[in-house]
Amino acid sequence: MNIIVKPDKFEKTEKHTRVENVSRRTILKGLGIAGGLVLAAPLTSRKAFAGYQTGADKMPHGTVVDPHVFVAIAPDGIVTIIAHRSEMGTGVRTSLPMIVADEMEADWSRVHVKQAHGDETKFGNQDTDGSRSTRHYLIPMRQIGASAKAMLEAAAAKRWGVPVSEVKAANHEVVHAASNRRLGFGELATDAAAQPVPKIADLRLKDPKDFRYMGKGQVGIVDLHDITTGTATYGIDTRLPGMKYAAIARPPVTGGKLVSFDDKEALKISGVEKVIEVKGWPWPSKFQPLGGVAVIARNTGAAIKGRDALKVVWDDGENAKYESAAYRTELEKAARNPGLVVRNEGDVDAALKGADKVVVGEYYLPHLAHVSMEPPVAVANVTGDKAEVWAPVQSPGGTRDDVAKTLGIPVENVTVNVTLLGGGFGRKSKCDFALEAVLLSKAVGAPVKVQWTREDDVRHDFLHTVSVERIEAGLDKSGKVVAWRHRSAAPTIASTFAAKAVHAAPFELGMGLVDMPFEIANVRCENPEAVAHTRIGWFRSVSNIPRAFAVQSMVGELAHATGRDQKEMLLELIGKPRIVKLDSVKDLWNYGEPYDSYPIDTGRLRRVVEVVADKGGWGRSVPKGHGLGIAAHRSFVSYVATIVEVSVDDKGKLTVHQVDTAIDCGTYVNPERIQSQIEGAAIMGLSLAKYGEITFKDGKVQQGNFDDFPVVRIDEAPLVTNVHIVPFEAETPPSGVGEPGVPPFAPALVNAIFAATGKRLRNMPIGKQLET
């Protein structure tokens, strides 16, 4: 635990947390938008949850549990807590420090939150992705808070000359009840810092019934005031003295190279100072820049105008013939033929051949772009063998490593400052935009801001993969599913790292394909080859999006084929409560978590279906032309079920009247943020389902902005969104929240559209199909 002798050390870096009457919920209620958060049952007292293991220590640099690193107390009592994960709307910059504050008995109104720079040796793993910040850091943050509390209590006991067992920290003080003496945290700070850090085995974690903040939903995010009043600092807001501005013309085809450029007209633009070539790396090259031509100017507008005036000749390379319609045909052909077997139980061929009826569904999902509200941006200042970066990055430690490797300097000489992220969705886990900035700063000898436009963002993204999912389900005479064959054909994220990668990586296979939990005797999953022709990257929910869409759409199709209710069909397929055994799957991916702690538990999957059916009024009477759809999916070791109510008018206009989602994410910290993430998942899920499509012609992305890659507007958003958080059982470990809400939305939507119209939609996006 650090002691701030001079409290001005952090004065200008962060403000106090505050509770303001400026909240998103208040604003939305004022606009008349309905919806709500429901805790499915009251919470009760439980043991401290420390009896489970996570995959945290297997992440690069693991975890660090050291109060000296994460906590500082000033003489005036202000407690500064380090947030080592990136904030992009999930609330992690609030939730993790709040865990520390709760455990150490700090008064939240006297807490500052300070953003960590990129340094995984000091702070442990900093990758803010995979929906794992809370599930990996709930216990370490509690241990940090408990250590700080123990050191404060030991310092007070020593000063008073009493046994430490007689003192107790409470509400920013340490109290000796027998003598009614008390000392504030600030008064004890110096003495507490001199105390030894307790051994983890000796720590006393709170009983959850004594939590002040965790699980209560009463603490607003620390950046709420600044975000809602427009004063928050994002990457785009960074400015340094003497800073130059850059816009880059990049190869329009992945793997393309610069042949030549003419900069005469560009240099005539007022404010343009110079034009230089940006180094590119042969594809695939992880997150290295694509290369191209940079225009350096005195402001961003001049840089963009200068770039537009360039005359550039490109060699488009081997992906110049990439075309979406033709590639879709290739994937469909691959999905209709045998592929690499990745799960095999029973005899699928014989069961399909002997089935009374076989239902076949083939589902197509195109490439998707991240389009976070803040396009990629970075500022870099390289001086000699040192580099400093300011950027909205999801992986500040990884960015630091890549900057050092790119510049050939020691990693200790690189500083990465993390700003707020105006959205991320996995795009900002890739630091190519920061590497561009450091290369240009080194070249021009001054700080440089590289600002991507929306068109840059869409056309040079690490796109979500395109996919064809083909499922064949065999039914016996009673309507029971006796065979299931699922072929998934999609270019892999591994192609971003390795040439000729044509099969899905284990982590992609484990996202809704080989981990399918249905109780079916004969199951085979296959993964045909698929060659990538563009950069493929992580996207919110990743491969769970196409897999859940296919699997849960097939559930709806099977319900119709057998004259069953959707929910009852789904529950029958899930089967009895059990822990799913997948002995036939080699290298089963479980989101990096040990299976003992995070098994596939069909009891929990059934429960979210039952909760959402109850709370969402499944089976209720709806007006003519309306329909209800349901879907459920396990991802990021959480369980989510969604019901959607829709109507479609005679002109094909889709209205989403109500969305109900139940989530079981185990032990949770901040229910308000869970509500926010699930509400956002409904908006994003609807946007992707209705409009999401990136297409290629001659190797080039054909979209560029929200006019041709739209997202839903406020008048298209669900009229009501309800979130039902399933209470956790004793010692249930925390699981993901940021991503699991997205996958079940689209299949619930198309199942609802089928119920309303009788039209089965198997291809994304659905918008234009409703108009025909």
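Criteria and thresholds
Residues numbered from 1 in each chain as written. Predicted model: local features only at pLDDT ≥ 70, side-chain atom pairs only at ≥ 80, totals over all residues. Heavy atoms only, no water. Helix = DSSP H or I, 4+ residues; strand = E, 2+ residues; numbered from the N terminus. Rg over C-alpha atoms; globule rule 2.2 N^0.38 Å. Buried < 20%, exposed > 50% of the residue type's maximum accessible area, 1.4 Å probe, protein only. Contact = heavy atoms within 4.5 Å. Areas by Shrake-Rupley, 256 points an atom, 1.4 Å probe, with all protein chains shown as cover. Lys, Arg positive; Asp, Glu negative; His and termini not counted. Charge placed at Lys NZ, Arg CZ, Asp CG, Glu CD. Axes fitted to C-alpha atoms, helices over the stretch in contact; angles between N-to-C directions. Parallel < 35°, antiparallel > 145°, perpendicular 65-115°, else oblique. Nonpolar A, V, L, I, M, F, W, Y, C, P; charged D, E, K, R; others polar. Pairing = 2+ DSSP bridges. pLDDT = per-residue confidence, 0-100. 1 Å grid on protein atoms, 1.4 Å probe; cavity = no way out; pocket = protein on both sides within 12 Å on 5 of 7 lines; lining within 4 Å. Points joined across faces, edges and corners; volume = space filled by probe spheres on them.

### Structural notes on the overall build of the protein
Move 1: Assigned secondary structure in the protein consists of 20 helices and 28 strands.
Move 2: For the protein, whose C-alpha radius of gyration is 27 Å, the value lies close to the compact-globule estimate of 28 Å for 772 residues.
Move 3: If you line up the protein on its principal axes, its C-alpha atoms span 80 × 70 × 50 Å.
Move 4: Counting across all 772 residues of the protein, residues that qualify as buried make up 61%.
Move 5: Once local pairs closer than 6 in sequence are excluded, the contacts in the protein between residues at least 24 apart make up 79%.
Move 6: In the structure as shown, the protein presents an accessible area of about 29,600 Å², 51% of it carried by carbon and sulfur atoms.
Move 7: Of note, the protein has its 95 positive side-chain charges centred 1 Å away from the centre of its 92 negative side-chain charges.

### Describing unusual backbone geometry
Move 1: Of the consecutive residues tryptophan 283 and proline 284, the connecting peptide bond is found in the cis state with omega at 0°.
Move 2: Following the sequence through the fold, proline 284 ends up in the loop between strand E11 (272-278) and strand E12 (292-297).
Move 3: Backbone geometry places valine 371, a non-glycine residue, at a positive phi of 40°.
Move 4: One can find valine 371 in the loop between strand E15 (357-365) and strand E16 (377-383).
Move 5: For valine 371, a relative accessible area of 8% gives the class buried.
Move 6: Positive phi, normally seen in glycine, also occurs at aspartate 698, with a value near 55°.
Move 7: Note on placement: aspartate 698 falls in the loop between strand E26 (696-697) and strand E27 (700-701).
Move 8: Look at aspartate 698 and you get partly exposed, because its relative accessible area is 46%.

### Digging into the packing of helix H5 (residues 133-160) against helix H6 (residues 185-193)
Move 1: Direction vectors running N to C along H5 and H6 enclose 95°, while the axes themselves pass 8 Å from each other. Taken together, the axes of H5 and H6 lie roughly perpendicular to each other. Every residue of H6 that contacts H5 at Met151, Leu152, Ala155, Ala156 and Arg159 is listed here: Phe185, Glu187, Leu188, Asp191, Ala192 and Ala193.
Move 2: Its residues assigned to classes, the contact of H5 with H6 shows 8 nonpolar, no polar and 3 charged.

### A look at the sheet that holds strand E9 (residues 244-249)
Move 1: One open sheet holds the 7 strands; their spatial order is E11-E12-E9-E19-E16-E17-E18, and the pairing between them is mixed. Edge positions in the open sheet fall to E11 and strand E18 (414-418), since each of these has one partner strand only. The mean angle between the axes of side-by-side strands here comes to 25°, regardless of whether they run parallel or antiparallel.
Move 2: Relative to E12, E11 is paired through 6 bridges, and the arrangement is antiparallel. Bridge pairing in E12 links isoleucine 276 to alanine 294.

### Here's the deal with the confidence of the model for the protein
Move 1: For the protein, mean pLDDT is 93; residues scoring 70 or higher make up 93% of the total.
Move 2: Contacts from residues 3-34, a stretch scored under 50 in pLDDT, to residues over four places away or in other chains number 53 contacts.
Move 3: Note that pLDDT drops below 50 for residues 37-49; the model gives that stretch 42 contacts with residues more than four away or on any other chain.

### Thoughts on empty space enclosed by the protein
Move 1: A complete count under the given rule lists 5 cavities of 30 Å³ or more for this structure.
Move 2: The calculated volume of the largest cavity comes to roughly 130 Å³.
Move 3: Elements represented by at least two residues in the lining of the largest cavity include exactly helix H15 (544-562) and strand E23 (626-635).
Move 4: If one sorts the elements of the lining of the largest cavity by residue count, E23 sits on top with 3 residues.
Move 5: Its residues placed into classes, the lining of the largest cavity shows 8 nonpolar, 3 polar and 2 charged.

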